[in-house]
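Secondary and tertiary structure notes
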Amino acid sequence: MTHSGGRAYCAIPGPTVVPDEVLQAMHRAAPNIYSDEVLALTEGLIPDLKRVACTDGDVAIYICNGHGTWEAALANLVAPGERVLVPATGLFGHGWGRMAEAMGIEVDVLDFGLETPMDPGRIEAVLKSDTDRKIKAVLVTHVDTSTSLRNDVKAISDAIRAAGHPALLLVDCIASLGCDRFEMDAWGADVVVTGSQKGLMTPPGAGFVFFNEKAAQTRAAMTRVSPYWDWAPRVHPEELYLYFAGTAPTHHLYGLRTALDMIHAEGMENIWARHDRLARAVWAASETWGQGGPLSLNVAHRDHRSRAVTTLRLPAPDAARLRAWVEDNTGVTLGLGIGMQRDGDPDGAGVFRIGHMGHVNAHMVLGALGAIEAGLVALNIAHGAGGASAAAQHLAQASPSHPVQNVISGAA
Ligand SMILES: *Cc1c(COP(=O)(O)O)cnc(C)c1O
């Protein structure tokens, strides 16, 4: 007998849980894309998207996933034969670099491994040694979803300035936007890319590229940009089809409208605080389990951990066994380990991930942690007892206490 009836919970780091309100907004008849209504809907999304990224710049919307936004950013800014610097802290950083290479771009990878964040000092040193100013852009992954490392984008932007280097700073915020605190303009990012299916709580299929004036000028100086990815005609057009270089992703727009309403009703500061508290609950549980067994957090220092995803190590094959047990017996699906293969574990069966990004609250995170604890017990995997209750205690302490109203008559 299993206990997986009831509503399933996919706690993987994207696509994330889509709120019922968003699904309901998408469940409607196809609109006439030549109507003013859909144009107004699209125009109304722009300022609210920009508030999520904390930017006064522009945003181009694409019908694509996160990989599409990587290509869009590069296509607008870097020609074949030009050079970029790719500091990497996991699979996604390397992936963006490989895509640049496939586009004919010269790529210098600065590999920081899988357990420590980017060192802005090393980035500064590389830029200083680039005396011919060949490096046109630095491609940074804010949160690498494979390792759950979070990089200090502000410090990297300061490092580029300290080197006196003109390179653009391009940031992959696909895992972090709407989860981890991120402030595009204040932190000095020139381009930010994200997708619809993580912190934006909408199904996969819409991609967003935010860019500032410096990036717009770089685009204007390009001799050729592939027409579908060209962001120039997509911003401030008069006609709907120009926003999307063709038919609009109509139902995504309705869903996104509702998602952005929910995001701004909660407020960016509150969203960042919620993700911070829930992440710390995950860490509290994981650290407790780790005290009595081999489970460990991939990222040792709290300052370097994502608030959207947590990568955990449990020597192979136990991470894979645990994931399977939890999925089969509790209705919770955990994330696979990706890009974490090492000697002796070619399949990455010693790594799993918990996604806690987007539409998540305390009961979902506590449920996932309780399910993991049940799995550790059921599979006889050594672990420190009381992980789930350590998470509960963290949330109890971190939450505002409400005055208890005594409704029992006679007490007054
Ligand atoms: C999910 C993710 C991607 C890839 O997005 P797709 O929509 O799967 O193409 C890239 N970078 C990061 C950091 C991600 O989390």
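In the block above lies the structure referred to throughout.
A short tour of the structure in this document, coming up. In this text the structure is predicted, and so the values were computed from the model without any measurement. (Residues numbered from 1 in each chain as written. Predicted model: local features only at pLDDT ≥ 70, side-chain atom pairs only at ≥ 80, totals over all residues. Heavy atoms only, no water.)

**Observations regarding the site of the ligand**
The full set close to the ligand counts 13 residues, and H67, T145, D172, Q197 and K198 are the nearest of them. Note that an oxygen atom of the ligand is positioned 3.4 Å from one of the side-chain N or O atoms of N65. Between the ligand and G66, the relevant distance is 2.8 Å, taken from an oxygen atom to a main-chain nitrogen or oxygen of the residue. Look at the ligand: alone it shows 380 Å² of surface, and the protein chains cover 89% of it. At three residues, helix α3 (residues 66–77) tops the list of elements feeding residues into the shell around the ligand. Considered class by class, the residues forming the shell around the ligand number five nonpolar, six polar and two charged. (Near = heavy atom within 4 Å. Polar contact = N/O pair within 3.5 Å; in protein donor to acceptor, adjacent residues only side chain to side chain. Areas by Shrake-Rupley, 256 points an atom, 1.4 Å probe, with all protein chains shown as cover. Helix = DSSP H or I, 4+ residues; strand = E, 2+ residues; numbered from the N terminus. Nonpolar A, V, L, I, M, F, W, Y, C, P; charged D, E, K, R; others polar.)

**Here's the deal with the packing of helix α10 (residues 268–290) against helix α13 (residues 387–398)**
Closest axis-to-axis distance for the α10/α13 pair is 7 Å, and the angle between their directions is 145 degrees. Classified by chirality, the crossing of α13 by α10 is right-handed. Taken together, the residues of α13 that come into contact with α10 (itself represented by R277, L278, R280, A281, A284, A285, T288 and W289) are G387, A388, A390, A391, H394, L395 and A398. (Axes fitted to C-alpha atoms, helices over the stretch in contact; angles between N-to-C directions. Left-handed = near helix turned anticlockwise from the far one by under 90°. Contact = heavy atoms within 4.5 Å.)

**Quick word on helix α2 (residues 36–53)**
Residues three or four positions apart in an α-helix share a direction because the helix packs 3.6 residues into each turn. In a regular helix each residue adds 1.5 Å, so 18 residues correspond to 26 Å; α2 covers 27 Å between its end C-alpha atoms and thus fits that length. Buried-residue contacts for α2 involve β2 (58–62), β10 (207–211), α8 (240–244), α9 (250–266) and α10. A positive backbone phi angle near 60 degrees is found at C54, which sits one or two residues after α2. (Expected span 1.5 Å × (residues − 1).)

**A word on the packing of α3 against helix α4 (residues 91–102)**
It is at 10 Å that the axes of α3 and α4 come closest, and there the two elements cross at 50 degrees. As far as their axial angle goes, α4 and α3 are oblique. For the crossing formed where α3 meets α4, the hand is right-handed. Between α3, through H67, W70, E71, A73 and L74, and α4, the contact on the second element is made entirely by F92, G95, W96, M99 and A100. Considering only residue class, the contact of α3 with α4 consists of seven nonpolar, two polar and one charged. (Parallel < 35°, antiparallel > 145°, perpendicular 65-115°, else oblique.)

**Overview of the side chain of T89**
Tracing the chain through its elements places T89 in the loop between β3 (83–88) and α4. Polar contacts involving the side chain of T89 include one to the side chain of N151, which spans 3.1 Å. Among all residues touching T89, those that are not within four sequence positions of it are F112, G113, T116, P117, M118, D144, T147, L149 and N151.

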